[in-house]
Amino acid sequence: MNKDIRSIGINGIIYIIAALLSKGLNVALLPVYANYLTVEQFGAVSLLLLFKSIMISILGLGQVVTIKKTYYEYESAGRDFRTFFSTLLIGTFVIDLLLVIIFTSFGEELFKWFLDGVSFWQFGIYVLVSSLLIIPYQLLLKLYQTRNQSVKYSLLEILYMSLDSIISLALIIFLTMGTAGRVVGIFGSTIIITLIAIVLIKKEIKPSFEKKTYRKTLLIGLPIIPHSLSGFVINLSDRIFLNKALNLETVGIYSLGYQIGQIIDIISLAFIEAWSSYFMRYANKMKEYSLFISKFSLYYVMLTLSISVTFSLFAKELIDLFFDDKYKEAVKIIPLVVAGYAFKNVYYLSNQQLIFKEKTNLLLMSTGISAILNLILNYLFIITFNWGMYGAAFASIISFIVMSVVSYQNGQKIFYIPYYKKEMLMMYGMFTLLLTFLYLYQQLNNLLLVKIFLNLAFLLVMTLFVPKGDLAVLKNKVSVLLKKKG
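Residues numbered from 1 in each chain as written. Predicted model: local features only at pLDDT ≥ 70, side-chain atom pairs only at ≥ 80, totals over all residues. Heavy atoms only, no water.

Novice: Residues and numbers for the overall build of the protein chain, please.
Specialist: Of the regular secondary structure elements, the protein chain holds 22 helices and zero strands. In terms of overall dimensions, the protein chain is globule-like: its C-alpha atoms have a radius of gyration of 23 Å, near the 23 Å expected for 486 residues. Taking all 486 residues of the protein chain together, 55% fall into the buried category. Considering only contacts within the protein chain whose residues lie at least 6 apart along the sequence, 82% involve residues at least 24 apart. (Helix = DSSP H or I, 4+ residues; strand = E, 2+ residues; numbered from the N terminus. Rg over C-alpha atoms; globule rule 2.2 N^0.38 Å. Buried < 20%, exposed > 50% of the residue type's maximum accessible area, 1.4 Å probe, protein only. Contact = heavy atoms within 4.5 Å.)

Novice: Residue-level account of the pattern of salt bridges, with values.
Specialist: Within the structure shown, the criterion is met by eight salt bridges. Lysine 112 is the partner of glutamate 108 in a salt bridge, and the nearest nitrogen-oxygen pair spans 3.9 Å. Of this pair, glutamate 108 and lysine 112 both sit in helix 5 (residues 81-114), four residues apart, roughly one helical turn. Of the charged contacts in the structure, one is a salt bridge between lysine 316 and aspartate 320, with a shortest N-O distance of 2.7 Å. Of this pair, lysine 316 and aspartate 320 both sit in helix 15 (residues 315-322), four residues apart, which is roughly one turn of that helix. (Salt bridge = Lys/Arg side-chain N within 4 Å of Asp/Glu carboxyl O.)

Novice: Any details on the environment of tyrosine 347? Residues and values, ideally.
Specialist: For tyrosine 347, the location among the structural elements is in helix 17 (residues 345-356). For tyrosine 347, a relative accessible area of 6% corresponds to the buried category.

Novice: Go over the packing of helix 18 (residues 361-384) against helix 19 (residues 388-414), please, and point to the residues and values.
Specialist: Remark: helix 18 packs on helix 19, axes separated minimally by 8 Å, with the N-to-C direction vectors making an angle of 160 degrees. By the criterion of interaxial angle, the relationship of helix 18 to helix 19 is roughly antiparallel. Helix 18 and helix 19 meet at a crossing whose hand is right-handed. Partitioning the contact of helix 18 with helix 19 into residue classes produces 15 nonpolar, eleven polar and no charged. (Axes fitted to C-alpha atoms, helices over the stretch in contact; angles between N-to-C directions. Parallel < 35°, antiparallel > 145°, perpendicular 65-115°, else oblique. Left-handed = near helix turned anticlockwise from the far one by under 90°. Nonpolar A, V, L, I, M, F, W, Y, C, P; charged D, E, K, R; others polar.)

Novice: Which residues make up helix 16 (residues 334-343), and what values go with them?
Specialist: Buried residues dominate helix 16, accounting for ten of its ten residues. Buried within helix 16 we find Ile334, Pro335, Leu336, Val337, Val338, Ala339, Gly340, Tyr341, Ala342 and Phe343.

Novice: Describe the packing of aromatic side chains, naming the residues involved and giving the relevant values.
Specialist: One pass over the full model with this rule turns up 37 aromatic pairs. An aromatic cluster of three or more residues is present, and its members are Trp275, Phe279, Tyr282, Tyr289, Phe292, Phe296, Tyr300, Phe356 and Phe415. Here the basic side chain of arginine 239 rests over the ring of tyrosine 258, its NZ or CZ set 4.3 Å away from the ring centre. (Phe/Tyr/Trp six-rings, centres within 6.5 Å; stacked < 30°, edge-to-face > 60°. Lys NZ or Arg CZ within 6 Å of the ring centre and 35° of its normal.)

Novice: Got a sec to walk through unusual backbone geometry? Specific residues and values, please.
Specialist: At threonine 176, a residue that is not glycine, the phi angle is positive and equals roughly 45 degrees. Relative to the assigned elements, threonine 176 resides in the loop between helix 8 (150-174) and helix 9 (179-201). Positive phi, close to 60 degrees, is recorded for asparagine 386, a residue that is not glycine. Following the sequence through the fold, asparagine 386 ends up in the loop between helix 18 and helix 19. Classification of asparagine 386 as exposed rests on a relative accessible area of 57%.

Novice: Please set out the packing of helix 7 (residues 135-146) against helix 9 residue by residue, giving values where relevant.
Specialist: Between helix 7 and helix 9, the shortest axis-to-axis distance is 9 Å and the interhelical angle comes to 50 degrees. Between helix 7 and helix 9, the crossing angle belongs to the class labelled oblique. Regarding helix 7 and helix 9, the two cross each other, and that crossing is left-handed. Across the interface between the two elements, Pro136, Tyr137, Leu140 and Tyr144 of helix 7 pack against Ile193, Ala197, Leu200 and Ile201 of helix 9. Looking at the contact of helix 7 with helix 9 residue by residue, the class counts come to eight nonpolar, no polar and no charged.

Novice: Break down the nonpolar core for me, with residues and values.
Specialist: Among the nonpolar cores identified, the biggest contains 145 residues, and Phe85, Met427 and Phe431 are the most heavily contacted of them. Beyond its immediate stretch of four places on either side in the chain, phenylalanine 431 contacts Leu305, Ser308, Val309, Ala339, Ala342, Phe343 and Phe458. (Core = buried A, V, L, I, M, F, W, Y, C linked by side-chain atoms within 4.5 Å.)

Novice: Before we move on, can you summarise a nonpolar patch on the surface with the specific residues and values?
Specialist: Residues Ile90, Phe93, Val94, Leu97, Leu98, Ile101 and Phe209 make up a contiguous nonpolar surface patch of about 640 Å² in total accessible area. Of note, valine 94 is situated in helix 5. Relative accessible area serves as the criterion here: at 45%, valine 94 is assigned to the partly exposed category. (Patch = residues over 30% accessible without salt bridge, like charges linked within 9 Å, V, L, I, M, F, W, Y side chains within 5 Å. Areas by Shrake-Rupley, 256 points an atom, 1.4 Å probe, with all protein chains shown as cover.)

Novice: If you had to explain the environment of isoleucine 192 to someone new, which residues and values would you point to?
Specialist: Positionally, isoleucine 192 belongs in helix 9. Residue isoleucine 192 is classed as partly exposed on the basis of its relative accessible area of 34%. In this structure the C-alpha to C-alpha distance between isoleucine 192 and tyrosine 160, which are 32 residues apart in sequence, comes to 8.3 Å.

Novice: Lay out the side chain of glutamine 352 with the relevant residues and their values.
Specialist: Topologically, glutamine 352 is positioned in helix 17. Given the relative accessible area of 5%, glutamine 352 is considered buried. Not counting residues within four places of it along the chain, the set of residues in contact with glutamine 352 comprises Ile272, Ser276, Phe279 and Met280.

Novice: So what's going on with the confidence of the model for the protein chain? Residues and values would help.
Specialist: Close reading of the predicted structure is inappropriate where its pLDDT is low. Per-residue confidence for the protein chain gives a mean pLDDT of 86; residues scoring 70 or more make up 92%. Summarising per-element confidence for the protein chain, the mean pLDDT is lowest in helix 22 (residues 468-485) (60) and highest in helix 9 (96). (pLDDT = per-residue confidence, 0-100.)

Novice: Break down the environment of leucine 132 for me, citing the residues and quoting the values.
Specialist: Along the chain, leucine 132 falls in helix 6 (residues 120-133). For leucine 132, a relative accessible area of 9% gives the class buried. Remark: the alpha-carbon pair of leucine 132 and phenylalanine 93, spanning 39 residues in sequence, is separated by 8.1 Å. Beyond its immediate sequence surroundings of up to four residues, leucine 132 is in contact with Leu59, Asp96, Leu97 and Val100.

Following this line, the structure appears as structure tokens:
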């Protein structure tokens, strides 16, 4: 078990580094994009990137989940996984091609309705084709992750994001292409990384197509599509409502704050990506590993809440250091976005239980309910009450809390795990009190020493929730280390 703990830690760190260097690269480059794009162009780009994410979720057909589940089944049965992977690629590509043709026929009308001010034929069509071409790369990444090949996974992801950023920046800065430069960057980098992925995939397939096998994968994967779409409703609908009620400039400011706050989600997902493949193995031996699974969940929540508080406290310094004054209002949104994603962590943990028991249809229950609630709240908070960006952020927080609660209840009913429920609830209570205090007294943003004190105090309080046995072991190791140095 100690070997597995070290492996999870190492893979987790590698995934976090990769996530920060790839997805985080886009966040790091936000000041550049913000300075070379108008606020309206920045808003348009944000909407197009969300459109791309939605299309990738649809065209993926939920097959990334089937890879993780099926790989260990094939491994234990001594079957050749290359046959399955070949079937997966062929079946998914054929269906995706038909879906893209259908969507192209209605693309212009859909853009006028949902993404007003953004042209489908000028920008959207290239993003749509990119979403189709990137699927083999996405499936290959999931295969590497399932095998715990974190280095291969990370290098490939960093390469893709680097190509995307280099091409986009060159076109935006030197050719002043604006929104078009970002779209061409997406399209060009997708073509290059897809060609590289195809070369790598040749080693992973044994050309064949098994109809029965693919039908089974669709039964598992298809429920993931509405589940994923429901998740994107929460991420996209707020910007659609803001665009309708206000303008693209507001969307641009809100999107900047949202993307910065979303770094917490990047870090959280990196840990879950490292953990998920181990969970699939441990779940078969719950009597032996139940305590370990419970402790991982406790420390996962403890760590992500600590990072979330630090990020929320020093959001102003981040904005002041890297961004123009035209985006200064984004600092008020960042702590709210961070809070929403911090509550979403419980949802990520519970999902593993449902996927293990092949109850992917229940994933839709949590995201579906929260998506419907999010649409209602966005309409009330943004349109009816005219709360603008604050309304959008509060709608997201409430939706993520509901999503996590429903997912937790379903997960425990299907596959019970003895979580440290009391400790986790108390940690979330402390987190909520601190962020509420910061929201009510925003003048604290100008008091750096007070924020440093609050941050250290919260981290100290978090140590109170470390299990006594683990705390004793930690104290003993520190004591031994100090004696050696002495």
